[in-house]
Amino acid sequence: MRREWRGAVELDVSTSEGTIRALAYPELTGRPEPGDRLLLNTSALALGLGTGGYALVVAVPGRLPADPAGPGHLVKARYTPLQASVAGADEQGSAHHETLRDADDLDGLPVVVADLHSALPAVLAGFFMQRLSSAAAATGGPGGARAVYVMTDGGALPSWFSRTAAALRACGWLAGVVTAGQAFGGDLEAVSVHSALLTARHVLGAELAVVSQGPGNLGTGTRWGFSGVAAGEAVNAAAVLGGRPVAALRVSEADPRERHQGISHHSLTAFGRVALARADVAVPVLPGAFGTRVRAQAAALAYRHRLVPVSVAGLEQALRDSPVPLSTMGRGLDEDLAYFLASAAAGRHAADLL
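In this report, we go over the structure that sits alongside the text.

Rules behind the numbers
Each chain carries its own residue numbering, running from 1 in the written order of its sequence. It should be noted that, the model being predicted, local features are given only for residues of pLDDT at least 70 and side-chain atom pairs only at 80 or more, the latter also being counted only at that level, while totals for whole chains, interfaces and linings use all residues. Hydrogens and water molecules were not included; the side-chain quantities draw on all heavy atoms of the structure. Salt bridge, as applied in this entry: a Lys or Arg side-chain nitrogen positioned within 4 Å of an Asp or Glu carboxyl oxygen. Per the convention used, a helix needs a DSSP run of H or I reaching at least four residues, while a strand needs a run of E reaching at least two, with both numbered from the N terminus. Buried means the residue's accessible area, taken with a 1.4 Å probe over protein chains only, is under 20% of the maximum for its type, while exposed means over 50%, and partly exposed covers the values in between. Contacts: residue pairs with any heavy atoms within 4.5 Å of one another. When DSSP finds at least two bridges between two strands, those strands are taken to pair.

Attention now goes to the pattern of salt bridges. Once their charged atoms are close, side chains differing in charge can pair, the charge on each being opposite to the other. This model, assessed by the stated rule, comprises 20 salt bridges. Between Arg101 and Glu98 there is a salt bridge, with its nearest N and O atoms 3.1 Å apart. Of the two residues, Arg101 and Glu98 both sit in helix H3 (residues 97-101), 3 residues apart, roughly one turn of that helix. Residues Arg331 and Asp336 are paired through a salt bridge, measuring 3.0 Å at the closest nitrogen-oxygen approach. The residues Arg331 and Asp336 share a single accessibility class, namely buried. Connected through salt bridges with shared partners, the residues Arg2, Arg3, Glu10, Asp12 and Arg21 form a single ionic network.

Shown next as C-alpha cells:
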C-alpha cells in the first residue's frame, strides 16, 4: 500500500514488466491485500496520461467484493462491466426525497462554474479569504460558510479519484460532495446537475456551490470537442433554478498552446456560446500587458453576461495557504499563477454575493 484517502487505495503492483502504480476503489473491487493477484486496466499508463496515470484495479479475482448494502436504484457507469448501483438523494425511498421532490429554487445560491477540477481549491481559497475579511456569521468552513462541490461527469467518474476533494472535505473547506450524472462516490448522489445543486442547497445547506468536472479533462483541439463544454450547461442549470451563476475563467500565461493562452477558448466557447443564461463573469484584474489581454478577451462575453472586475490583491497569499497542493496541467502555483488567481477571483466575487 502507498497512500489511502476516502474511497481509494494506492498500490505498488509487481508485474512481469516491473513495479507499477495502481489505484483501487474498494467499494467496487473489494480491498486488495498483499499477495493478491489483480486484474488491471493499464490503458492510462500506455497513453502516458498525467491526471489518470495509474493502472486501475478491475478485480481481485480470488475474492469478490461485498454485495451492495442498503437500498438505491440509481445505476452509474451504466452498461459497463463496473456499473454501480447507488442510493440517490433524489430517488424514491431516500430520506431526502420529500425535501427534493418539489424543490425548484436555489434561493439565490452563488454557484461558481469552472472548466477544470484544479480550480476547486483556488475558488475556495478566494471565497474563504473574502469571508474572513468580513464580519459574517461564524459557522461552517474557515470563512463561516458551507461550501459544497458538485462534481460532473466530464472527467473522472469516481469522486474517490480526487485526493483534492477528500482533503478539502477532511479540513472543513467542503461540507460535502454531490456527484451528478454518471459521476459517483460523493457524499450524496444525484441524477442531474439540477438535482445535485438542489441537493447541495436544501440537504447540505450550501451557501456556495462549486461546479466542475472531476479530475481529468478531455480535449481534441477542436472548437467543440472538449468536456468543458458542460460548464455552459451548468450556468444554465444554476440560473433556471434561481441561483447566481459565477463564471470562473480559465486563464493561463504559461500554457504553450495558443488556444489556451490568455482566456482559454474553452471558457470563451462554454460561457460565450453554450451558456444562454446570464452569469457574472469574474474578470481578474491582472497587471501588465497580460492583464490587458485578458480584459480585452473577456469583452467578447459582455453581450450576454455581466463582467465583474475582481481585484487579486491578497489572493496569492491565500493560494499559498491552501491546505491542498495546487496543480493544473502539471503546472504549480508559481508556474501558472494567473490560472489560480482567476479561479480565486471567482470565489472572492461569490463571497461578495452572500
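Among the residues of helix H7 (residues 230-240), those classed as buried are Ala231, Gly232, Ala234, Val235, Asn236, Ala237 and Ala238. Against strand S8 (110-113), helix H6 (193-202), strand S12 (208-213), strand S13 (244-248) and helix H8 (265-274) lie the buried residues of H7. Immediately downstream of H7, the backbone of Gly242 shows phi near 80°, a positive value.

The two faces of S8 match: Pro110 and Val112 on one face and Val111 and Val113 on the other face are all buried. When S8 meets S13, the two strands line up parallel, connected through 4 bridges. Opposite Pro110, over in S13, you have Arg244 as the bridge partner. In terms of strand pairing, S8 meets S12 through 3 bridges, oriented parallel.

All quantities given are derived from atomic positions and should not be read as evidence of function.
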